[in-house]
Amino acid sequence: AGAGAGAGTITGTGTIDDEEEEDDEGDKGEEDFGLGSDDDDSLHELAILHYAETIAPRHPHFPQSIADIAKFILSDECKSIVILAGAGMSRASGIPDFRSAGGMYDTLNPDILTATEDERDDMRIDPTAVFEKGLFLQNSLPCLEIKRSFILGTQEQTWKATLAHRFVELLHKKTKKLKRLYTQNIDGLEGQCNDLPRRKVIPVHGTMNRAACELCGTEIDFDTFCDAVRTNIKDISGRDETAPKHSTPIPCKLCGSATVKPTIVLFRSPLPEEFFKKKKKDLQNADLLIVIGTSLCVAPANSLVYHIPSTSMRVIVNNERVGRGLGIQYGDESKRDYFAKGNCEEVLLNLMDHLGWMGDLQKMDHNMLPEDSLKLLREYNASK
């Protein structure tokens, strides 16, 4: 959900929020390091950090429960919080999963896309080729045709921000301790949280709710881009009767190249510069890292786990134990890691209750919550 498109590239400064931050603001898979086999420096660093974990003292505020985590968040000892989020944060929104059986990659039909036969052959061999930078620069239409419903659905808010997103929003609004949300999701749902400033969010793999030229980096008004998608790009699902029968390119108004797209990171593209620029400074003074709904198998996003100071607390909100290869400890050996096992929505709703934020959830427009989140909220309230 959300994180699964194959994700995207931000190649120019136009997609990066240049606003400076105030200094006082405060799928279960095979587990691995998320590192290449030739990444000796990173492996050496992990070995050192693993050793440091074994000799480090137990965290003075080591939590035994969700209530203890809430108490630590509200305490003076906790001044800076970083969050790393994955697909689990957005699952309740109902966004289609591209990677699982029956998903987009599994059912991709290159024959209905606007492409040459050679390009179609590439996609038959590897469906992810539709999101590769080389193909996009050569022919942007297949990518935009695949993404058409996702682009327009993002603009129309077909999918809603979940309770997990609202937790992050309230964390900033109520405590001013949120340093940054690093999200691996491309869905842009955090953009629906009006009290969560854009500068507080780093979309590690880009985001669907902004648009820019892949070639020159010029940012484009998202609504203007969506209007062009609506009139220029055919609907391969056949559901939109107003869509054109044939796709035509969307040129950049500055450079003229037909390489305008959402600011998702394409395959074979670098991650946003802001990720590397902000990460070190954000982590060096963090008192708490909250990991939400991610397998921690994808580098370099998973590096946040072992770059946070050894004196910082780590809370893992997930159905499965993850990140052992990155130094996260579970059970009796854990000295600073708390495993909040369960569905992200349920765990974070419980945490918000202990933080005293249920009144804030009740006051919000419940039409802005996805059906699954709203149902959970009602059931939780009824059980009390």
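One can find the structure itself at the top, above this paragraph.
Residues numbered from 1 in each chain as written. Predicted model: local features only at pLDDT ≥ 70, side-chain atom pairs only at ≥ 80, totals over all residues. Heavy atoms only, no water.

Enquirer: Explain the packing of aromatic side chains residue by residue, including any values.
Expert: Enumeration according to the criterion identifies 6 aromatic pairs in this entry. Ring centres of phenylalanine 150 and tryptophan 159 lie 5.4 Å apart, and the angle between their planes is 85°; this geometry places the pair in the edge-to-face category. One exposure class covers both phenylalanine 150 and tryptophan 159, and it is buried. A network of ring pairs unites the aromatic residues Tyr182, Phe275 and Phe276 as a single cluster. Its guanidinium or amino end placed over the ring of phenylalanine 62, arginine 58 lies 3.9 Å from that ring's centre, counting from NZ or CZ. (Phe/Tyr/Trp six-rings, centres within 6.5 Å; stacked < 30°, edge-to-face > 60°. Buried < 20%, exposed > 50% of the residue type's maximum accessible area, 1.4 Å probe, protein only. Lys NZ or Arg CZ within 6 Å of the ring centre and 35° of its normal.)

Enquirer: Please provide a residue-by-residue account of the sheet that holds strand S9 (residues 337-341), values included.
Expert: Strand order in the open sheet formed by 6 strands is S3-S2-S1-S7-S8-S9, and the pairing between neighbours is parallel. Strands at the two margins of the open sheet, each flanked by one partner only, are strand S3 (201-203) and S9. Taken over all neighbouring pairs, the strand axes of this sheet differ in orientation by 15° on average, direction set aside. One ladder, built from 5 bridges, connects strand S7 (residues 288-292) with strand S8 (residues 313-318); its direction is parallel. The partner of isoleucine 292 across the bridge, within S8, is valine 317. Across the sheet, helix H7 (residues 163-175) lies against strand S1 (81-85), strand S2 (178-183) and S7, angled at about 165° from S2, the strand it touches most. Strand contacts of helix H9 (residues 273-284): S1, S2 and S3, with the helix running at about 140° to S2, the strand carrying the most contacts. (Pairing = 2+ DSSP bridges. Helix = DSSP H or I, 4+ residues; strand = E, 2+ residues; numbered from the N terminus. Axes fitted to C-alpha atoms, helices over the stretch in contact; angles between N-to-C directions. Contact = heavy atoms within 4.5 Å.)

Enquirer: Provide a residue-level description of the packing of helix H11 (residues 344-354) against helix H13 (residues 371-382), including the pertinent values.
Expert: Contact geometry for H11 and H13: axes closest at 11 Å, N-to-C directions at 50°. Taken as axis vectors, H11 and H13 run oblique relative to one another. The two elements H11 and H13 meet at a crossing, and its hand is right-handed. Residues Glu345, Glu346, Leu349, Asn350 and Asp353 of H11 lie in contact with H13, whose contacting residues are Ser373, Leu376, Leu377 and Tyr380. Broken down by class, the residue content of the contact of H11 with H13 amounts to 4 nonpolar, 2 polar and 3 charged. (Parallel < 35°, antiparallel > 145°, perpendicular 65-115°, else oblique. Left-handed = near helix turned anticlockwise from the far one by under 90°. Nonpolar A, V, L, I, M, F, W, Y, C, P; charged D, E, K, R; others polar.)

Enquirer: Please provide a residue-by-residue account of the environment of glycine 188, values included.
Expert: Along the chain, glycine 188 falls in the loop between S2 and S3. Glycine 188 sits in the buried class, given a relative accessible area of 5%. Taking the C-alpha atoms as reference points, glycine 188 and alanine 161, 27 residues apart in sequence, are found 8.9 Å from one another.

Enquirer: Hey, could you go over the pattern of salt bridges for me, with residue numbers and the actual values?
Expert: In total, this model carries 17 salt bridges according to the counting rule given. The partner of arginine 230 in a salt bridge is glutamate 156, with the nearest N and O atoms 3.3 Å apart. Taken together, the residues arginine 230 in helix H8 (residues 222-232) and glutamate 156 in the loop between helix H6 (141-155) and H7 connect sequence positions 74 residues apart. Using a relative accessible area of 23% as the deciding quantity, one classes arginine 230 as partly exposed. Across the pair glutamate 169 and arginine 166 runs a salt bridge whose closest N-O atoms are separated by 3.0 Å. (Salt bridge = Lys/Arg side-chain N within 4 Å of Asp/Glu carboxyl O.)

Enquirer: I'd love a proper account of the packing of H6 against H8, names of residues and values included.
Expert: Here H6 crosses H8 at 135°, and the two axes come no closer than 10 Å. One element, H6, and the other, H8, form an angle in the oblique class. In this structure, H6 crosses over H8, and the sense of that crossing is left-handed. Between H6, through Leu144, Arg148, Ile151, Leu152, Thr154 and Gln155, and H8, the contact on the second element is made entirely by Phe222, Asp223, Phe225, Cys226, Val229 and Arg230. Grouping the amino acids of the contact of H6 with H8 by side-chain chemistry returns 7 nonpolar, 2 polar and 3 charged.

Enquirer: So, the sheet that holds strand S5 (residues 219-220): which residues are in play, and what are the values?
Expert: The 3 strands are arranged S5-S4-S6 in an open sheet whose pairing can be described as antiparallel. Whereas interior strands pair on both sides, the edge strands pair on one side only; in this sheet they are S5 and strand S6 (260-264). Of the pairings in the sheet, the one linking strand S4 (residues 206-213) to S5 comprises 2 bridges and is antiparallel in character. Bridge pairing links alanine 212 to glutamate 219 in S5. Sheet contacts for H8: S4, S5 and S6; angle to S4, the most-contacted strand, approximately 80°.

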